[in-house]
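Structural overview for review
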Amino acid sequence: MSNVAVIGAQWGDEGKGKIVDWLSERADVVVRFQGGHNAGHTLVIGNQTYKLSLMPSGVVRPGKLAVIGSGVVVDPWAFLDELERLRAQGLVLEPGDLLVAETACLILPVHRRLDQAREAARGDRKIGTTGRGIGPAYEDKAGRRAVRVADLAEPETLKAKVSYLAEHHNAYLRGLGEAEIDPAELLAELMAIAPRILPFAGRVWERLDQARLANKRILFEGAQAVMLDVDHGTYPFVTSSNTVAGQAATGAGIGPTAIGYVLGIAKAYTTRVGAGPFPTELQDVVGRTLGERGHEFGTVTGRARRCGWFDAVMVRQAVKTGGINGIALTKLDVLDGFKTLKVCTSYRLDGSTLDHFPAAQGAQSRVEPMYETVDGWAESTRGARSWAQLPANAIKYIRRIEELIEAPVALLSTSPERDDTILVKDPFTAGP
Ligand code: GDP
Ligand code: IMO
Ligand code: MG
């Protein structure tokens, strides 16, 4: 029996939430290990739709422990808003059901202001962040200035940290012409919110260790994706955390051997929201058709997602850097009805052929996709729940993708609905 880590294999929004929710039926604990409320994970269960940002997808299943690990940056106000929103949808979420690492760093209002001010200052070089303060919060974490969840229980520590934080940021804020942090006001806000956050705080590492010793199944839920990883993605057009499977162990507080199988999630085509290189992007009617059929609008910001053909070079690289053992291929149904489909199998750059995504920013923006054209299918795959229901050309498309990305398809998703999912190889029992 093995624990499973789920990570995005493209640029996010691959359907991680749907797959984690489906898998979590057989898990005991679901853990978020990086990112923050920049994530938007949509779950469709019968006539209910849940939009989760900070909460692990396990919150929708009674009896599962949902965990926000140390590697997550937590906006405490966003946490409470989401909690209330989900409770209003009928979910029971009490401290026994939801655990937040006491070592997690907080996103403060100043981080959001800095994120937005920097983006505005970058003009046409902007990253297109979600504006939620993710980058500045991780900067403060690495800079050893951050306020952590546990600090909310120690007024004196909190006061000293807030004062140092104000001292550090106010010089920069003055330079930007932005309002400065009033340490007394920030301290009062944090003290006011502390009693609502602290009941959820605890030793995640200990609970995960207990779960491991009791042979409980742990599901690690990634946010963002390998191509948005701060090391392995399209830097600087990335998020500020590591999104690869190695981070699941670090960001949760458990050893890497606790993860038995890494499931990468990939769409049957490609999307990206925000700025940055995207070799297979289609700015034509095909791109617009993919966007319309796939309802490609961001869950968090509502922005239209950029759309393009499946990029096998990029996903193969994500398989290797992310440590992916198998793929859940999602949104196959969106490709129904295309006469032909294209798959990117290599890039051209300055007269040479590349089998990888280059590291240099200029090269990343200049690579040209080289395509292989494959036959599409006229039949509908939407809602298919067995392999036998798939048209022959859809199976051929899947098989070709497996070859190109050098990883097997373990799961297939054919609609937003939880149960419209085909299991090919069970990640919990497959082994690496
Ligand atoms: P995440 O960030 O990776 O969890 O993905 P999002 O939830 O942001 O975006 C994926 C979107 O596609 C959501 O609206 C899902 O409901 C939807 N979705 C997931 N799987 C499928 C599928 O197989 N087919 C279709 N048509 N939609 C899907
Ligand atoms: P899920 O978990 C898609 C993108 C932003 C921007 C870049 C940096 O739903 O797949 P940030 O706010 O993190 O500093 O923004 O990363 N981005 C995402 N794109 N899905 C996400 O999450 C994303 N989270 C961040 O659009 O390009
Ligand atoms: Mg999303």
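Read on for an overview of the structure. Just so you know, these numbers come straight off a predicted model, no measurement behind them.

1. Considering the pattern of salt bridges
Applying the stated criterion across every chain yields a total of 26 salt bridges. Here K267 makes a salt bridge to E296, at a shortest N to O gap of 3.0 Å. Here the residue K267 occupies a position in strand β11 (residues 259-267), and E296 occupies one in the loop between α9 (285-293) and β13 (306-308), the gap between them amounting to 29 residues. Given the relative accessible area of 0%, K267 is considered buried. The buried category is assigned to E296, whose relative accessible area is 1%. Overlapping salt bridges, with partners in common, bring together D13, K267, E296, R305 and K331 in one network.

2. Things to note about the coordination of the magnesium ion (ligand 3)
Taken together, D13 (OD) and G40 (O) make up the protein donors of the magnesium ion (ligand 3), found 2.0 to 2.2 Å from the metal. Here D13 is found in the loop between β1 (3-8) and α1 (16-23), whereas its partner G40 is found in the loop between β2 (29-32) and β3 (41-45), with 27 residues between them in sequence. Using a relative accessible area of 13% as the deciding quantity, one classes G40 as buried.

3. Quick look at the site of ligand 2
Taken together, 20 residues surround ligand 2, and among them D13, K16, H41, T130 and T239 come closest. The separation between an oxygen atom of ligand 2 and a polar side-chain atom of K16 is 2.7 Å. Starting from 550 Å² of accessible surface for ligand 2 in isolation, the protein chains cover 98%. Placement of ligand 2 is best described as lying within the largest pocket. Tallied by class, the residues present in the shell around ligand 2 amount to 7 nonpolar, 10 polar and 3 charged.

4. Some thoughts on helix α12 (residues 392-405)
Taking 1.5 Å as the rise per residue, α12 with 14 residues should run 20 Å; its terminal C-alpha atoms sit 20 Å apart, in good agreement. Residues of α12 that are buried include every one of A394, Y397, I398, I401, E402, L404 and I405, and no others. Elements that come into contact with the buried residues of α12 comprise β14 (310-311), α10 (312-322), β15 (326-330), β16 (340-349), β18 (368-375) and β19 (409-413). At the C-terminal side of α12, E406 shows a positive phi close to 60°.

5. A look at the sheet that holds strand β7 (residues 98-101)
The 10 strands are arranged β9-β7-β5-β2-β10-β1-β11-β15-β19-β20 in an open sheet whose pairing can be described as mixed. Every interior strand has two partners, whereas the edge strands, β9 (201-202) and β20 (421-423), have only one. Most of the contacts of helix α7 (residues 204-213) go to β7, to which it runs at about 125°, and overall it touches β2, β5 (65-68), β7, β9 and β10 (218-221).

6. Section: the side chain of Q364
Of note, Q364 is situated in helix α11 (residues 361-366). Note on Q364: relative accessible area 5%, which makes it buried. Only 2.8 Å separates the side chain of Q364 from the backbone oxygen of P358, close enough to count as a polar contact. Sequence-distant contacts of Q364, that is, excluding residues within four places in its chain, are made with G233, T234, Y235, P277, F357, P358 and A359.

7. As for the side chain of R145
Note on placement: R145 falls in the loop between α4 (134-142) and α5 (155-176). Of the polar contacts made by the side chain of R145, one reaches the side chain of D140; its length is 2.7 Å. Discounting chain neighbours no more than four positions away, the residues touching R145 are E139, D140, Y164, L165, H168 and H169.

8. Things to note about the site of ligand 1
In the vicinity of ligand 1, 19 residues are found, and the nearest of them are K16, G17, G40, D333 and S413. One of the backbone nitrogen or oxygen atoms of G40 is found 2.7 Å away from an oxygen atom of ligand 1. Take S413: an N or O atom from its side chain is 2.5 Å from an oxygen atom of ligand 1. Protein contact buries 93% of the 580 Å² of open area that ligand 1 shows by itself. Judged by the fraction of its atoms near the pocket grid, ligand 1 is located in the second largest pocket. Residue assignment for the shell around ligand 1 shows that the elements contributing at least two residues are α1 and β3. In terms of residues, the shell around ligand 1 owes the most to one element, α1, which gives 3 residues.

Criteria and cut-off values
- Residues numbered from 1 in each chain as written.
- Chains lettered and ligands numbered in written order.
- Predicted model: local features only at pLDDT ≥ 70, side-chain atom pairs only at ≥ 80, totals over all residues.
- Heavy atoms only, no water.
- Salt bridge = Lys/Arg side-chain N within 4 Å of Asp/Glu carboxyl O.
- Helix = DSSP H or I, 4+ residues; strand = E, 2+ residues; numbered from the N terminus.
- Buried < 20%, exposed > 50% of the residue type's maximum accessible area, 1.4 Å probe, protein only.
- Donors = N, O, S within 2.8 Å, 3.2 Å for Na, K, Ca; no water.
- Near = heavy atom within 4 Å.
- Polar contact = N/O pair within 3.5 Å; in protein donor to acceptor, adjacent residues only side chain to side chain.
- Areas by Shrake-Rupley, 256 points an atom, 1.4 Å probe, with all protein chains shown as cover.
- 1 Å grid on protein atoms, 1.4 Å probe; cavity = no way out; pocket = protein on both sides within 12 Å on 5 of 7 lines; lining within 4 Å.
- Sits in = over half its atoms within 2 Å of the grid points.
- Nonpolar A, V, L, I, M, F, W, Y, C, P; charged D, E, K, R; others polar.
- Expected span 1.5 Å × (residues − 1).
- Contact = heavy atoms within 4.5 Å.
- Pairing = 2+ DSSP bridges.
- Axes fitted to C-alpha atoms, helices over the stretch in contact; angles between N-to-C directions.

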